[in-house]
Structure formats: C-alpha cells, structure tokens
Amino acid sequence: MQLTPAPNVLLKSVQMARHHSAIAVMALLPAIYPCSAWSADPPPTGFATTLRYADFGTLGTARQVMTDRAGNVVVVGVIGTLPETQIAVTKLDNTGHVVFRFVFGGNGYNDPSGAAMDAVGNVYIGGVTSADDFPLVNALIPKTAPKVNAGFVAKLDPTGGHLVFSTRIGGVAPGIGPNSAHGTDVNALALDAQGNVYVTGTTFATDFPVTSGAFQTKLGTYLTATQSDAFVLKLSSPGDRLLYSTLLGGGAKNCSGGSICIGVGSADVGLAIAVDPGGQATVVGSTTATNFPATPGAFQTQCNCFFQPPVSSMTLGPSTGFVSRMNATGTALVWSTFLGGSINADPGRILGGQGAVSALALDDAGNVFVTGYTASLDFPVTPGALDPAVTRQDFNFFSGVQYGFAAKLNATGTALLYSTYLAGKGQNDITSIRSIAPDSQGHAWMTGTTTSPDFPSLPGALSLGNEFLIELETDASRLLQSYRLPTGSTGQSVLVLTPRNVLTLGSSGEVLLWFFGDASGPALGGIANAAATTVSGRVAPGEIVSIYGVRLGPTPGVGLRLDADGRVGTSLAGVQVLFDRSEEHTSELQSPCN
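Examining the overall build of the protein chain
Okay, so step 1: A tally of regular secondary structure across the protein chain gives zero helices and 35 strands.
Okay, so step 2: When burial is assessed residue by residue, the protein chain has 59% of its 594 residues classed as buried.
Okay, so step 3: As displayed, the protein chain has an accessible area near 22000 Å², and 53% of this comes from carbon and sulfur atoms.

Overview of the side chain of N327
Okay, so step 1: Mapped onto the elements, N327 comes out in the loop between β19 (320-326) and β20 (333-339).
Okay, so step 2: The exposure class of N327 is buried, given its relative accessible area of 17%.
Okay, so step 3: A distance of 2.9 Å separates a polar atom in the side chain of N327 from the backbone nitrogen of G330.
Okay, so step 4: Setting aside its immediate chain neighbours within four residues, N327 contacts Y244, G279, Q280, A332 and V334.

Focus on the sheet that holds strand β4 (residues 73-81)
Okay, so step 1: The strand order across the open sheet built from four strands is β3-β4-β5-β6, with neighbouring strands paired in antiparallel fashion. Whereas interior strands pair on both sides, the edge strands pair on one side only; in this sheet they are β3 (61-67) and β6 (98-104). The sheet shows a mean angle of 20 degrees between the axes of neighbouring strands, taken without regard to direction.

Considerations on the sheet that holds β20
Okay, so step 1: The four strands lie next to each other as β17-β18-β19-β20, forming an open sheet whose pairing is antiparallel. The open sheet is flanked by β17 (268-275) and β20, the only strands paired with a single partner. Along the sheet, successive strands turn relative to each other by an average axial angle of 20 degrees, direction set aside.

A look at the packing of aromatic side chains
Okay, so step 1: Using the criterion set out here, one finds 15 aromatic pairs in the structure.
Okay, so step 2: Arranged with centres 5.8 Å apart and planes meeting at 45 degrees, the rings of F102 and F104 form a pair that is tilted.
Okay, so step 3: By the ring-pair criterion, three or more aromatic residues cluster together here, those being F102, F104, F134 and F152.

Points about the environment of V323
Okay, so step 1: With respect to the helices and strands, the residue V323 is situated in strand β19.
Okay, so step 2: Taking the C-alpha atoms as reference points, V323 and L409, 86 residues apart in sequence, are found 9.1 Å from one another.
Okay, so step 3: If we ignore the near neighbours within four places in the chain, the residues touching V323 are T282, V283, V284, W335, S336, T337, V357, V368, V370 and L409.

Remarks on the pairing of strand β24 (residues 416-422)
Okay, so step 1: The buried fraction of β24 amounts to six of the seven residues, a majority that puts the element mostly inside the structure.
Okay, so step 2: Where strand β23 (residues 403-409) meets β24, six bridges bridge the pair, whose relative direction is antiparallel. Within β24, the residue paired with K408 across the bridge is Y418.

Regarding the pattern of salt bridges
Okay, so step 1: Within the structure shown, the criterion is met by four salt bridges.
Okay, so step 2: Across the pair K147 and D132 runs a salt bridge whose closest N-O atoms are separated by 3.5 Å. Within this pair, whereas K147 is found in the loop between β8 (123-129) and β9 (150-156), its partner D132 is found in the loop between β8 and β9, the two being separated by 15 residues in sequence.
Okay, so step 3: For the salt bridge of R478 with E473, the shortest nitrogen-to-oxygen distance reads 3.0 Å.
Okay, so step 4: You can call E473 buried: its relative accessible area is 13%.

Details of the confidence of the model for the protein chain
Okay, so step 1: When pLDDT is averaged along the protein chain, the result is 80, and 74% of the positions lie at 70 or above.
Okay, so step 2: Segment residues 394-398 is flagged for pLDDT under 50; beyond a separation of four residues in sequence, or across chains, it makes 18 contacts in the model.
Okay, so step 3: Taken together, the stretch residues 579-594 has pLDDT below 50 and engages in 46 contacts with residues farther than four places along the chain or on a different chain.

Structural notes on the nonpolar core
Okay, so step 1: Core analysis: the largest hydrophobic core is formed by 23 residues, its most contacted members being F47, L469, Y483, W514 and F516.
Okay, so step 2: Of all the secondary-structure elements, those providing two or more residues to this core are β2 (47-53), β28 (479-485), β31 (510-516), β32 (523-529) and β33 (545-550).
Okay, so step 3: Ranked by residues supplied to this core, first place goes to β32 with four residues.
Okay, so step 4: Setting aside its immediate chain neighbours within four residues, W514 contacts F47, A48, T49, L469, Y483, L485, T490, R500, N501, V502 and T504.
Okay, so step 5: Among the nonpolar cores identified, the runner-up in size contains 20 residues, and A272, V284, L339 and V357 belong to it.

Brief notes about unusual backbone geometry
Okay, so step 1: That bond from L82 to P83 is cis: its omega, 10 degrees, falls within 30 degrees of zero.
Okay, so step 2: The topology assignment puts P83 in the loop between β4 and β5 (84-92).
Okay, so step 3: Despite not being glycine, K147 has its phi angle at roughly 65 degrees, a positive value.
Okay, so step 4: The exposure class assigned to K147 is exposed, which follows from its relative accessible area of 68%.
Okay, so step 5: Unlike most non-glycine residues, A476 shows phi in positive territory, near 60 degrees.
Okay, so step 6: Classification of A476 as buried rests on a relative accessible area of 0%.

Conventions and cut-offs
- Residues numbered from 1 in each chain as written.
- Predicted model: local features only at pLDDT ≥ 70, side-chain atom pairs only at ≥ 80, totals over all residues.
- Heavy atoms only, no water.
- Helix = DSSP H or I, 4+ residues; strand = E, 2+ residues; numbered from the N terminus.
- Buried < 20%, exposed > 50% of the residue type's maximum accessible area, 1.4 Å probe, protein only.
- Areas by Shrake-Rupley, 256 points an atom, 1.4 Å probe, with all protein chains shown as cover.
- Polar contact = N/O pair within 3.5 Å; in protein donor to acceptor, adjacent residues only side chain to side chain.
- Contact = heavy atoms within 4.5 Å.
- Pairing = 2+ DSSP bridges.
- Axes fitted to C-alpha atoms, helices over the stretch in contact; angles between N-to-C directions.
- Phe/Tyr/Trp six-rings, centres within 6.5 Å; stacked < 30°, edge-to-face > 60°.
- Salt bridge = Lys/Arg side-chain N within 4 Å of Asp/Glu carboxyl O.
- pLDDT = per-residue confidence, 0-100.
- Core = buried A, V, L, I, M, F, W, Y, C linked by side-chain atoms within 4.5 Å.

Structure, rendered in structure tokens:
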C-alpha cells in the first residue's frame with residue numbers, strides 16, 4: 001500500500017483494524033495506486049481496488065466518468081459556486097497523473113449534465129448555461145432566448161486543447177406566462193458508433209428547433225398555459241448538421257380545482273438517453289401529462305398523475321416516469337410506456353406520487369434496464385422481487401420522500417422482465433439511484449445515495465456512509481454485492497468494464513476501480529474526513545483524515561503509538577504508509593494486484 005502525492009508531508013496518526021479500518025493522516029492531496037494498470041487480471045472472495053482522484057476543488061462536483069482501452073479516465077464536473085460556475089474536464093492516466101485539464105464556460109451558471117467519449121478520445125459534453133457569452137465554436141445554433149437558460153453541446157478534442165464545436169440548444173422565443181423565466185436544459189447525451197450525438201432534455205421554448213417530418217413539432221399547451229416538453233435530437237459528429245429534432249410530450253393535465261388549473265401546464269422532462277446499434281434512441285424521464293404519447297400494447301398506457309389544490313400554480317404536481325424508444329429518423333415512436341404507481345392520497349391532505357425514470361442502459365438484445373425514484377406505494381413490482389413493498393410513511397407532496405426502484409423492460413416495451421423497490425423501511429427516507437449499468441451476464445450494477453439506515457444490503461457488508469454500490473441478480477431476487485461508503489465516494493456514476501471489474505465515480509472526484517474475486521490484500525475505499533463520513537480528494541495541510549477500506553491492518557485493531565520523543569511513528573503493526581516517492585515501500589501489506 002502506497003500513498004503518493006505531495007512531498008514532505010508528516011504522518012500524523014495511525015489507527016488500524018482488520019476490517020473497516022481507518023488510518024488518520026496529515027496530507028495535501030493523497031492518491032492511492034495499488035495497481036499499476038487497469039488491464040491487470042483481477043485477483044482470485046472479496047474485492048480489491050484502485051483509487052484515483054480528479055480535483056474539482058473544495059466546492060466543485062464531479063458528474064460523469066468515462067474510460068478508454070488504455071485505462072485512462074476522463075472526469076467531467078463543475079467548479080466554483082453559484083451564481084458563477086465553470087465546466088471542467090480532467091483526464092487521468094492509469095497511474096492517476098493528470099494528462100490534461102480543460103475549463104470552459106461563460107460568465108454565469110454553467111453546468112454539465114451529460115458526457116460521452118468516442119473511440120478516438122473526443123469528449124462530448126451537454127448541459128445548461130445562463131451565460132450570454134458562453135464560448136461558441138462552429139455553432140449550429142448560435143442564438144437562443146436572452147436572459148434564460150440554454151442547453152449546450154460541446155465537443156473537446158482528444159488532447160484537451162480546444163473545442164471542436166460548441167453550440168447552444170434551444171429556441172429564440174422564451175416561454176410565456178409564469179414560465180417566461182425558463183428556457184432549455186440539456187440533461188443527457190449519448191453517441192452512436194459514428195460519433196453522432198443524441199441529446200435529450202426539456203424546453204419551454206415555443207420555437208424550439210425541430211426538423212421536417214419530426215414526430216412532434218409543436219410544444220403542448222393546456223388551457224392556454226405554456227408548458228415544458230421533452231425533446232430528442234441528433235447532431236452530426238462534426239456538429240454541423242441537425243440530423244433530426246423532435247419534441248416529446250403531452251398537453252393535458254389531470255387537474256381538479258377549477259380556476260387554479262388555468263395557467264398551469266404539464267411538464268415533460270427527458271432525463272437520460274441510450275442508443276442501440278440501429279440508431280434507435282431510448283429516452284427516459286418524467287411527465288405530468290395524461291396524454292403523453294404511450295403506444296398501444298405498451299406495458300403501461302395510463303399516466304397515474306394528478307394535480308389538485310392547494311398546490312401552488314408554480315408546482316407541477318405528482319409525476320410519473322416514462323420510457324420511450326424513437327425510430328432512427330426521429331419521425332415516429334417504436335414504442336412508449338409510462339412506468340409508475342398511482343397517487344397516494346389521504347383525506348384533507350396534499351397528494352403524493354412523485355416519480356421519474358432517471359437512468360437507463362441497454363443490453364445487446366435491446367432490453368432496457370432502468371432506475372429512478374417513486375413516492376408511490378403501488379409501484380409495479382414482479383413476483384420474487386428483492387424488495388416487493390415499502391412501508392407507508394407519513395408524508396405529503398412537499399416532504400421529498402423517495403423510494404428507489406430498479407426494473408428491466410423487454411425490447412418491445414410490452415412487459416417488465418423484473419421490477420423491485422430499492423428502499424428502506426424508515427420514515428422520510430430518500431433514495432436516489434443515479435446510475436445503472438448491466439454486465440455481460442445480465443447483472444445490474446447501480447450507484448447512488450440513500451438516507452435509509454436499512455437500505456437493502458448483504459449481511460456483514462462494508463457500511464460506512466450514505467452512498468452505495470450494489471449488484472442485482474438477473475431476476476432482481478437478491479443482491480450479489482452491496483457496499484455503503486462515505487459521502488462523495490461512489491454515488492455519481494458506475495461503468496462495468498468486465499463482469500468482475502467495475503468503475504465508480506464520487507462527487508468528490510474519487511474514481512474507484514473495483515476488482516471482485518478472491519482478494520486477500522488490502523482494499524482501499526478512499527480518503528475521508530477524520531470521522532470517515534465525507535470524502536474529499538483535497539485535504540488541507542494539518543487536517544486529520546481517514547483512509548478507509550478492508551484488510552488494511554491486523555486483527556485485533558492497534559491504537560495510536562508515540563515514540564520516545566512523543567511523535568507518531570511512520571509504521572504501526574508492520575504497516576507503513578508512505579507519502580514521498582523517495583522512500584522505499586516496505587509495507588508488509590502487499591498490493592492486491594500483485
């Protein structure tokens with residue numbers, strides 16, 4: 001085990017235990033590299049890890065991670081604080097050293113919400129900007145409505161030296177009425193094998209650019225109210241052509257309350273997108289429109305969404321998730337289904353039932369793995385599910401209660417292959433599953449956050465915080481892996497490299513590669529504050545932090561020891577932690593990749 005970063009750092013204190021152990025240290029920017037490359041064969045029950053950090057500063061947030069065949073990673077995130085934020089792209093090699101760092105954005109709010117990398121290393125980023133001076137390069141859409149948010153798509157060259165193209169996404173005309181302050185958000189993007197860019201999000205723009213023959217060309221309205229619709233568009237790889245662009249949404253609201261319904265439109269939001277080899281884009285999101293386009297024979301053709309006072313006119317009310325597959329030309333839906341439970345109502349109380357499908361992935365057969373959140377007590381689950389029911393909680397629409405779920409739809413959108421809640425049994429629990437990825441055996445890996453102390457986990461599993469990594473059986477009947485880690489460690493994104501090699505990203509910029517198998521060496525989970533509750537790759541001089549993981553030291557645990565001069569020693573119980581490459585590595589703990 002070797003810690004390599006800033007030289008001349010002092011080992012402050014050490015506390016070792018065989019399991020769930022912590023080492024408190026003083027450091028500047030520690031990074032842990034037990035393995036020299038990601039291509040190493042995974043160790044022969046347990047797990048081992050390789051840990052790297054991409055630095056987004058003390059107030060920044062990492063959003064998405066990508067990797068190439070050489071083991072390099074690219075992490076996209078945001079730096080700064082509102083109202084001034086910038087987009088940062090950092091590439092790390094397989095030893096954790098920075099290859100490049102590229103920062104861009106205008107004067108205002110700039111936020112990346114989706115990213116992808118093509119086969120040659122170009123990085124495509126989509127998101128939202130409020131900046132009138134957002135950098136535009138060969139822009140297909142150079143102008144959008146002033147003083148409101150615009151979406152953007154940008155392409156960064158493989159060296160991180162310049163933008164190949166950067167364009168705004170949205171209309172010139174703003175929304176009307178109470179929605180006039182809103183514009184267009186890009187929420188996700190994906191690439192096909194040719195590098196074409198598929199984008200989804202939501203727009204209030206009444207003149208959002210659509211192409212001739214598109215599936216839906218006009219923004220929906222309800223009782224004269226302008227609303228938001230989801231959209232799906234396809235850009236050419238050079239960014240010079242809009243290959244298709246269509247809106248995706250409904251107009252009608254199930255609204256009870258007379259005059260309060262006037263001026264309140266429905267909301268349709270595209271949250272994630274994936275593309276199959278035939279160029280068909282599958283989009284997921286949320287809707288409050290009862291006439292959102294669902295196709296005949298789809299799994300669920302009715303929207304379980306409702307609006308009722310005293311919810312204010314700016315509140316969109318309970319929503320439900322959707323999953324829609326667009327044909328390769330953007331002219332028609334292949335299929336489209338709602339996915340959600342019904343509202344939860346108590347007499348005299350505001351209705352609940354908020355839900356969304358927020359992430360998806362496709363397998364080779366075109367089946368759709370989805371995850372998201374729901375507040376419904378009757379979300380559709382399948383027989384034998386791991387978590388078939390949730391406990392009724394005392395909540396209303398404003399409480400923010402969220403139950404997680406995971407489901408798998410067949411390739412035609414007509415049936416659930418499985419579906420399960422992923423939630424605790426406590427009061428006011430909030431679970432957010434942000435990423436899902438299937439492996440080649442059909443297991444679904446997921447990352448996210450939960451406030452639930454009894455979120456589903458395996459007996460004796462590592463449990464250190466509110467972020468999790470789980471592996472779900474092919475029929476959703478049981479967990480195969482479960483780990484709880486501190487805030488900032490793993491909850492943003494998961495990639496499956498092989499069935500036994502999984503990559504996770506935390507909001508702190510922590511990039512953790514997991515090797516599952518028979519591992520006997522140390523497995524490092526990350527570096528956190530002294531209480532091991534929050535991860536940060538940036539540590540202030542003199543700060544005491546915790547290095548956490550499993551098999552880091554002997555059993556039973558060994559406490560802090562001082563030498564004759566009252567100083568903390570540089571080794572403890574045969575374990576030595578090094579912060580300077582000038583010293584030989586003499587630890588009795590061997591690298592898990594040896």
